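Overview (structure and organization)
Listed below are the residues making up each chain.
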Amino acid sequence: MSKRALVVGATGIQGRALTDKLVEDGWKVFGLARTPKEQPGVTPVAADLLDPDSLGTALEGIDPTHVFLTTWLRMESEAENIRVNSQMLRNLFAALRPAGSVEHVVLATGLKHYLGPFEAYGKGELPKTPFREDQGRLDVENFYYAQEDEVFAAAEQNGFSWSVHRPHTVIGKAVGNAMNMGQTLAVYATICRETGRPFRFPGSQVQWESLTDMTDARQLAAQMAWAATSAEARNEDFNVVNGDVFRWNWMWHRIAEWFGIEAEEFDGTEAHSKIRWPATPKSGPRSPIVTVSQSATLAVSRRRGTPMPTLVDR
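So, a few notes on the structure that sits alongside this text. (Residues numbered from 1 in each chain as written. Predicted model: local features only at pLDDT ≥ 70, side-chain atom pairs only at ≥ 80, totals over all residues. Heavy atoms only, no water.)

1. Some details on the overall build of the chain
Cut-off, in case you're wondering: Helix and strand assignments come from DSSP, with helices taken as H or I runs of at least 4 residues and strands as E runs of at least 2, each series counted from the N terminus. Buried residues are those whose accessible area, probed at 1.4 Å on protein chains only, stays under 20% of the maximum for their type, while exposed residues exceed 50% and partly exposed ones sit between those limits. With residues, only the protein chains shown are counted as cover, and all accessible areas are computed by Shrake-Rupley using a 1.4 Å probe.
In terms of helices and strands, the chain carries ten helices and 13 strands. Taking all 314 residues of the chain together, 48% fall into the buried category. Within the structure as shown, the chain displays about 15400 Å² of accessible surface, and the carbon and sulfur contribution to it stands at 50%.

2. Section: the pairing of strand S4 (residues 66–69)
For a regular strand, side-chain orientation follows a simple rule: the groups alternate between the two sheet faces. As a reminder of what qualifies: DSSP bridges decide pairing: two strands pair if at least two such bridges lie between them. Here the term right-handed applies to a crossover when the path leading from its first strand over the helix to its second strand runs clockwise, the strands being oriented away from the viewer.
Burial along S4 is two-sided: His66 and Phe68 and Val67 and Leu69, pointing in opposite directions, are all buried. Here strand S1 (residues 4–8) runs beside S4; their pairing, made up of four bridges, is parallel. By the bridge assignment for S4, Ala5 is matched with His66. Looking at chain direction, S4 and strand S5 (residues 104–108) are connected through four bridges and run parallel. In the strand pairing of S5, Leu69 is matched with Leu107. In the classification by handedness, the crossover that spans S4, the intervening helix H3 (residues 78–96) and the parallel S5 is right-handed.

3. Section: the side chain of Glu148
The criterion, for reference: We define a polar contact as two N or O atoms separated by no more than 3.5 Å, with the added condition that, inside protein, one atom must be a possible hydrogen donor and the other a possible acceptor, whereas residues neighbouring each other in sequence contribute only through side-chain atom pairs. Working rule for contacts: check all heavy atoms of both residues, and any pair within 4.5 Å makes them a contact.
Assignment of secondary structure puts Glu148 in helix H5 (residues 143–158). Accessibility expressed as a relative area gives 3% for Glu148, which makes it buried. A polar atom in the side chain of Glu148 sits 2.9 Å from the side chain of Arg137. Reaching out from Glu148, the side chain makes a polar contact with the side chain of Arg166 at a distance of 3.1 Å. With near-sequence residues (within four places) excluded, Glu148 lies in contact with Leu107, His113, Arg137, Val164 and Arg166.

4. Observations regarding H5
Let me state the cut-off plainly: Multiplying 1.5 Å by the helix residue count minus one yields the expected span of that helix.
With 16 residues, H5 should reach 22 Å at 1.5 Å per residue; the first-to-last C-alpha distance of 22 Å fits that figure. Within the span of H5, buried status applies to Phe143, Tyr144, Tyr145, Ala146, Gln147, Glu148, Glu150, Val151, Ala154 and Ala155. Buried positions along H5 lie against S4, H3, S5, helix H4 (112–115) and strand S6 (161–167). If you check the start of H5, you find a side-chain oxygen 2.9 Å away from the backbone N of Tyr144, and it comes from Asn142. Backbone geometry just downstream of H5 places Gly159 in the positive-phi region, at approximately 80°.

Below, the structure written as structure tokens:
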């Protein structure tokens, strides 16, 4: 049988890079999303992972050999994150089970595996850096762990292999997707340049001073495509980063320089990292109130009702 990929979350930053890679490598690619977009070489599959009936109908006859999971749904609490995201995977595996075609499942999670969920991110006793795949789980509830457990259970029941991939902050391109630090920092810097407002770092002292890194969505896609068909990757988990580490107290000034503005020096206080711009600037048209706290993503994106990632989120 030829390689047939079902990419779940095909319109996202990770999913878009992955579909491009798989098409380039000669796979037959199906891209599942609630609202699929046109992608070269990808057969769109419109389905809601929380609607078992529509999901079964949408997947009928696809018979994928490989499934790539690059999507999740953000809820109001970690308990709800666990409940909803677990149900999404259970529904998916139930819909795929009758065909019995799946050979390998690839799951993308991320840094919260090591730093904890949104409600406890970076708090308490944390594993030492650099993070290693064999460090195990934190003693907290985490929807990443719940996703893994659903994959493990389905693999045991259905006889397929799996791999788990943990990127750092993912930089890539996906039209209409706001969870992209490269895009949101560019918007932030451009607004500061055009309005004369200060370009302030919206994170914490620890984030300002610590070493960090990024994961190019294309790098992640290459690793996932390799793992899907490599015996060495069966039933293994992998960290994946670019390797070009940096500190924000250096990068912030480089970003400012690129946009032709000056970066305001970070003083490490909570007041500095929580910026509230007035509704009416000193000059120019009236603008909405924009709040920047632990995220470089502007609150104007919140009109979509989508919680935004922190500076170290994927």
